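# Observations on chain architecture
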Amino acid sequence: MQKEILLVAEAVSGEKGLPQEAIFEAIEQALATATKKRYSENSNIEVIIDPKTGDYETFRLWEVVSQEDIEDLGVQVIHDDQNNELGSLIREKVENVEFGRIAAQAAKQVIVQKVRDAERLEIIKKFRPYLGTLINGAVKKVTRELIIVDLGENAEASLPRRDLVQGEIYRVGDRIKGILEESVRENRGAQLVLSRSSKDMVTELFKLEVPEIAEEVIQIRSVARDSGARTKIAVKTNDVRIDPVGACVGMRGSRVQAVSNELGSERIDIVVWDDDPAKLLINTLSPAEVTSIVMDDDSGIMEVEVKDENLALAIGKNGQNIRLASELVGWEIQISGENDNLDAKESPENALIKYMGVDQELANKLIENGLDSVQKISKAEANDFEKIEELDAEIIDTLIERAEEALLEIAIAEMDEESVETEIDNTLESLESLKPEHIELLKNAGIKDKENLADLSSDELSPILDLSEEEAGKIIMDARSDWFN
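Now for a look at the structure at hand. Each residue is numbered by its place in its chain's sequence as written, counting from 1. Given that the model is predicted, a residue must reach a pLDDT of at least 70 before its local features are reported, and side-chain atom pairs must reach 80 or more before they are shown or counted; all residues, however, enter totals for whole chains, interfaces and linings. The side-chain values count all of the structure's non-hydrogen atoms but skip hydrogen atoms and water molecules.

### Overview of the pairing of strand 13 (residues 290-296)
In the case of a regular strand, side chains alternate between the two sheet surfaces. As judged from the six bridges shared by strand 13 and strand 14 (residues 301-306), these two strands associate in the antiparallel manner. Within strand 14, the residue paired with I293 across the bridge is V304. Strand pairing follows a simple DSSP-based rule, namely that at least 2 bridges must link the two strands. Secondary structure elements are defined from DSSP: runs of H or I of at least 4 residues count as helices, runs of E of at least 2 residues count as strands, and each element is numbered from the N terminus.

Right, dumping it as structure tokens:
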């Protein structure tokens, strides 16, 4: 048996390239498992092999515990004067189990698993220097939950579907890019994973497209991303001769467009970084005109006021623009128009009746107590209503909730008005690069406005207008010009 153990350890070590210590450990576990089968109760077994001779000894272990902590007599023993101190182990030598066919088979299974774990660990060690960087691979397998990507060199990474850009579809054999990350799963150890929804994805793609970023002449100081929809990045350079935004946009938008195309036409806004958060916010909200900013350093909140006609633009669809601006700047932003209600011509009394649904008497009492706008009521606390005797705590909570809902309705209404006001700017006729015959062809193809045109790729537009892909690409970039302003 001793010779067999030594032969197994030597053969497997040489074949799999593992140290003999790992093989002996696997055999020890297999012998311990075989020994446990002798006992009907739970047991704790330890086997120690002499790596030089192949001799081994088997011990049964008990942990010394107090009377109150005893749970399993198979692996625990109650502490008394003759036992060792609490927490120590009592060892009893027992008869060795033979290293026969069953033990050898169990050892083989343990060894195979250890080989797999060791090989996976070696692959992960090899790829750890590339964590957080952009890496290429080929789709090897597609399941409902994830995509398996072949990275080469016998390495694989999983890409969960939640980390794909919205709307992306991949098939076996497709090339794919993603940010390499490491995930530790219980009972499975470390795994390599990819992400395409990470902020780092945008940063790494710009490094590929903009040499000034790769050479660190331009720095990406902050990134805020709503994967698949919109990204904002703030860039900075210490070289006064370089326009950081222009360098990232590229000639006719070629550089930023290449990044956008890789991310499923995700819209990308590029602004100039400023160490002053207020100035950075002004850059981020442009072209919305900011009229005032009040900063609270203790709470990290900025109260921002913009022109009424710019409020919907600053908030963005479903609040996306202001949410990304807040993430980019690193402050919580509370935004409002110059007037607290939608229609500046409306009296405070009429505004409260219209948006809060209160009667005239209650509206007047709210105004008398300084609560003369929907915005103020939404920010009020219970003690701000204490002078209005007929209001109990439940009614006060309802008023505050109603004010918060009214603010959302106001923002939506403003966005609707803004879209109506700018509808004429979205027409195909506003594009100088389009000839009248082109416009007619586009409308016949169901492409009614600039937004529809901007969503096309050059190979889709080229046959519609009977132009080269290069000419079609210039027209598409013209339609997308508003994205980069």
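### Focus on the packing of aromatic side chains
Each aromatic pair joins two rings of Phe, Tyr and Trp (for Trp, the six-membered one) with centres within 6.5 Å, and gets the label stacked for planes under 30 degrees apart, edge-to-face for over 60, and tilted for any other angle. A complete count under the given rule lists one aromatic pair for this structure. Lysine NZ or arginine CZ positioned within 6 Å of the ring centre and within 35 degrees of the ring normal marks a charge as sitting over the ring. A cation over an aromatic ring shows up here: R60 above the ring of Y39, its NZ or CZ 4.4 Å from the ring centre. Here the guanidinium or amino end of R91 rests over the ring plane of F59, the centre of that ring lying 4.7 Å away.

### A look at the packing of helix 8 (residues 277-285) against helix 10 (residues 320-329)
Note on geometry: axes are lines fitted to C-alpha atoms, helical ones only across the stretch in contact, with angles between N-to-C directions running from 0 to 180 degrees. Look at helix 8 against helix 10: their axes get within 10 Å of each other, and the N-to-C directions meet at 145°. Like other packed secondary-structure pairs, helix 8 and helix 10 cross with a definite hand, here right-handed. In contact with P277, L280, L281, T284 and L285 of helix 8, helix 10 contributes N321, I322, A325, L328 and V329. The class makeup of the residues in the contact of helix 8 with helix 10 is eight nonpolar, two polar and no charged. Working rule for handedness: look at the near helix, and if it is turned counterclockwise from the far one by less than a right angle, call the crossing left-handed; if clockwise, right-handed. Residues are treated as being in contact if the distance between any of their heavy atoms lies within 4.5 Å. Gly is put with the polar residues, along with every residue not named as nonpolar or charged; the nonpolar set is Ala, Val, Leu, Ile, Met, Phe, Trp, Tyr, Cys and Pro, and the charged set is Asp, Glu, Lys and Arg.

### Details of the sheet that holds strand 10 (residues 218-226)
Here we have three strands laid out as an open sheet, ordered 10-11-12, and mixed in their pairing. Either end of the sheet is taken by a strand with one partner, and the two such strands are strand 10 and strand 12 (267-272). Sheet twist, expressed as the mean angle between neighbouring strand axes with direction ignored, is 20°. Here strand 10 pairs with strand 11 (residues 230-237) via eight bridges, running antiparallel. Looking across to strand 11, one finds that R225 is bridged to T231. Against the sheet, helix 4 (residues 199-209) engages strand 10, strand 11 and strand 12, with an angle of about 140° to strand 10. The strands that helix 10 touches are strand 10, strand 11 and strand 12; relative to strand 10, the one it contacts most, it runs at about 140°.

### As for helix 17 (residues 458-465)
Exposure classes here rest on a 1.4 Å probe applied to the protein chains alone. A residue is buried below 20% of its type maximum, exposed above 50%, and partly exposed in between. Along helix 17, the positions that sit buried rather than exposed are L461, S462 and L465. End-on, the buried residues of helix 17 take up no more than an arc of 110°, which puts them together on one face. In this structure, the buried residues of helix 17 make contact with helix 15 (436-444), helix 16 (450-454) and helix 18 (469-479). Along the arc lie the directions from the helix axis toward the C-beta atoms.

### Section: unusual backbone geometry
A cis amide bond links S286 to the next residue, P287, at an omega of 15°. Not every positive phi belongs to a glycine, and R252 is a case in point at roughly 55°. When you line up the elements, R252 lands in the loop between helix 6 (244-249) and helix 7 (254-262). Here S265, not a glycine, exhibits a phi torsion of approximately 65°, which is positive. With respect to the secondary-structure elements, S265 resides in the loop between helix 7 and strand 12.

### Description of the sheet that holds strand 15 (residues 332-337)
Across the sheet, which stays open at both edges, the three strands sit in the order 13-14-15 with mixed pairing between neighbours. Since the sheet does not close on itself, it has two edges, and those belong to strand 13 and strand 15, each with one partner. Mean inter-strand twist for the sheet, computed between neighbouring axes without regard to direction, equals 20°. Across six bridges, strand 14 lies against strand 15 in parallel orientation. Looking at the pairing, M302 lines up with I333 of strand 15. Sitting on the sheet, helix 10 is in contact with strand 14 and strand 15, with an inclination near 140° to strand 15.

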